[in-house]
Amino acid sequence: MDSAAEALARWAHELVPDAEDLGLAQRSLVDTLAVTLAARDDDLVRISAGLPDAARWAAVGHVLDFDDLHMESTAHISVVCVPATLAAGGDARAYLAGAGVMARIGMALGWSHYASGWHATCTAGAPAAAVCAAVALGLSREQIATAMALAVPAAGGVQRAFGSSGKSLQVGFAADAGVRAARLAAAGATADPTAVDAWLRLVGGDPERIDVNGPAVPGGLAIKMFPCCYALQRPISALREQLPAPITPAEVTGIEVRTPACAVQPLIHHRPNTGLQGKFSMEYAVATALLDPHPGFGSFTDRAVNRPEAQRLLKLVKVTETPGGDWLLAGQVAITATLADGTRHDVALQFPPGSPGRPPSEQDMTAKIADCGEDVPALLSDVDWHRAAELLAEHLPGEVVHDQEKEPA
């Protein structure tokens, strides 16, 4: 029997995308470029300037937490696979090969892997990035499997990094490690493909769960409508869609959130005081949904999180968790807002807009791209995979970093 790496390498090498696969790839390219360009002024651009292209582009693309998500694996697929593909000169087929491998590895890792505190975007991402780059470089099936095995040492990342620049940087490290592994395989490096199976078992996965049937990316990808953790898309949407208007935030005296425990797994910040922490806070998600007409980039700044009324509201939030569930959209979120006069407003939701159960409309995508920068719609109007690499190189130029010469003894 083939090892997991060999089975996935064969699938990736033989992949012939259909029209639906190619449509998903183009949407993923545009969405990833848009959210990356939206972060052009973020301090992480300066911080990451000395990193290789794949690492820098992936880190900046993830820092706003506005990129897509594969629900079944709880992994941000495109922010790893698009930069890795572009850095290696690849196209839609290379992206789909890596994205499909990332989805399947993530599913083999399972919810227990994510619930243990691993960042599946990085663990599944490093070998997937190796596939993107290997297919882009035209490597053989055997070399693709070798590249995946060479990426295993970098297949890490933990949720404790959430709310800091470490989250986006570790995503960048995974993308870069995959590109590096593919180039080493192309140069003749050897590795045992069964290392991937061994690694999967060590981090709680099951190689026998690898299934190469179905579309390139099984289950499709969820598109975010708000620039924050996917676990916050549902409560924000519930409040915005279902609360009666007008409701004055100052009148709110109590807020109860009832949710499956699995749906708040990544929400580790309960008293946030920075914009990055606010992106991983159920309490702040409720506050911004009540305060802001559309929780966008301006809602997730340090200043916005520290607004006195936001801090008052988030301290009112009581979260009640029910056990069970094995993905971020298990069950539903139910929220009760109580006003000073005793009035209670109840909302509940399972699928937020942009999820596979409520796919984004063309108007949703147009609005999101426009939110990412005044010039972004024009920049991306006819972008293809070749032009995309040029665009990122132009707008996110890196720095050449030289080792300092040692002083003579």
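Residues numbered from 1 in each chain as written. Predicted model: local features only at pLDDT ≥ 70, side-chain atom pairs only at ≥ 80, totals over all residues. Heavy atoms only, no water.

**Things to note about the environment of Val333**
Note the cut-off: Helix and strand definitions follow DSSP, with helices as H or I runs of at least four residues and strands as E runs of at least two, each counted in order from the N terminus. Residues are treated as being in contact if the distance between any of their heavy atoms lies within 4.5 Å.
Mapped onto the elements, Val333 comes out in strand 3 (residues 333–339). Once the C-alpha coordinates of Val333 and Ala103 are considered, the two residues, 230 residues apart in sequence, prove to be 26 Å apart. Filtering out sequence-adjacent residues up to four positions away, Val333 remains in contact with Arg234, Pro235, Ala238, Val257, Arg258, Thr259, Val347, Ala348 and Leu349.

**Let's talk about the sheet that holds strand 1 (residues 252–260)**
Heads up, the rule is: In this analysis, strands are considered paired if DSSP registers two or more bridges between them. Angles here are taken between N-to-C directions and fall from 0 to 180 degrees, while the axes themselves are lines fitted to C-alpha atoms, restricted in helices to the stretch in contact.
The strand order across the open sheet built from 4 strands is 2-1-3-4, with neighbouring strands paired in mixed fashion. Bordering the open sheet on either side are strand 2 (317–322) and strand 4 (344–349), each of which pairs with just one other strand. Taken over all neighbouring pairs, the strand axes of this sheet differ in orientation by 15° on average, direction set aside. Two elements, strand 3 and strand 4, share 6 bridges in a ladder whose sense is antiparallel. Within the sheet, the bridge partner assigned to Val333 lies in strand 4 and is Leu349. Along the sheet face, helix 12 (residues 233–242) touches strand 1, strand 3 and strand 4 and points at about 125° away from the line of strand 4. Across the sheet, helix 16 (residues 308–316) touches strand 1 and strand 2, and the angle it forms with strand 1 is around 55°.

**Observations concerning unusual backbone geometry**
If a residue is not glycine, its phi is most likely negative; likewise, a peptide bond is most likely trans. A positive phi is found at Asp65, a non-glycine position, where the angle reads about 55°. Residue placement: Asp65 occurs in the loop between helix 4 (53–63) and helix 5 (78–87).

**As for the confidence of the model for the chain**
Cut-off, in case you're wondering: Per residue, pLDDT captures the predictor's confidence, and it can take any value from 0 to 100.
Of all residues in the chain, 97% have pLDDT values of 70 or greater, and the mean over the chain is 95. Here residues 401–409 scores under 50 on pLDDT; set against residues more than four positions off or in separate chains, the count is 1 contact.

**Details of the environment of Met102**
Where we set the bar: Summary of the burial criterion: residues with accessible area below 20% of their type's maximum are buried, those above 50% are exposed, and those between are partly exposed, where the area comes from a 1.4 Å probe applied to protein chains only.
Mapped onto the elements, Met102 comes out in helix 6 (residues 92–115). Met102 sits in the buried class, given a relative accessible area of 0%. Expressed as a C-alpha distance, the spacing of Met102 and Ala75, which sit 27 residues apart in the sequence, is 8.1 Å. Not counting chain neighbours up to four residues away, the residues in contact with Met102 comprise Ala75, His76, Ile77, Val80, Cys81, Thr121, Ala124, Gly125 and Ala128.

**Description of the packing of aromatic side chains**
The condition is simple: Think of it this way: a Phe, Tyr or Trp ring, Trp meaning its six-membered ring, pairs with another when their centres are within 6.5 Å, and the plane angle makes it stacked under 30 degrees, edge-to-face over 60, tilted otherwise. Only Lys NZ and Arg CZ are tested; either one counts as a charge over a ring when it is within 6 Å of the ring centre and within 35 degrees of the ring normal.
Evaluation of the coordinates by the stated rule reveals 6 aromatic pairs. Seen from their ring centres, Phe66 and Phe297 are 5.5 Å apart, and the 85° between their planes marks the pair as edge-to-face. Placement of the pair is Phe66 in the loop between helix 4 and helix 5 and Phe297 in the loop between helix 14 (282–291) and helix 15 (302–305), with a sequence separation of 231 residues. What makes Phe297 partly exposed here is its relative accessible area of 28%. Between Arg104 and the ring centre of Trp11, over which it is positioned, the NZ or CZ distance is 4.5 Å. Directly above the aromatic system of Phe66 lies the positively charged group of Lys368, at a separation of 4.1 Å from the ring centroid.

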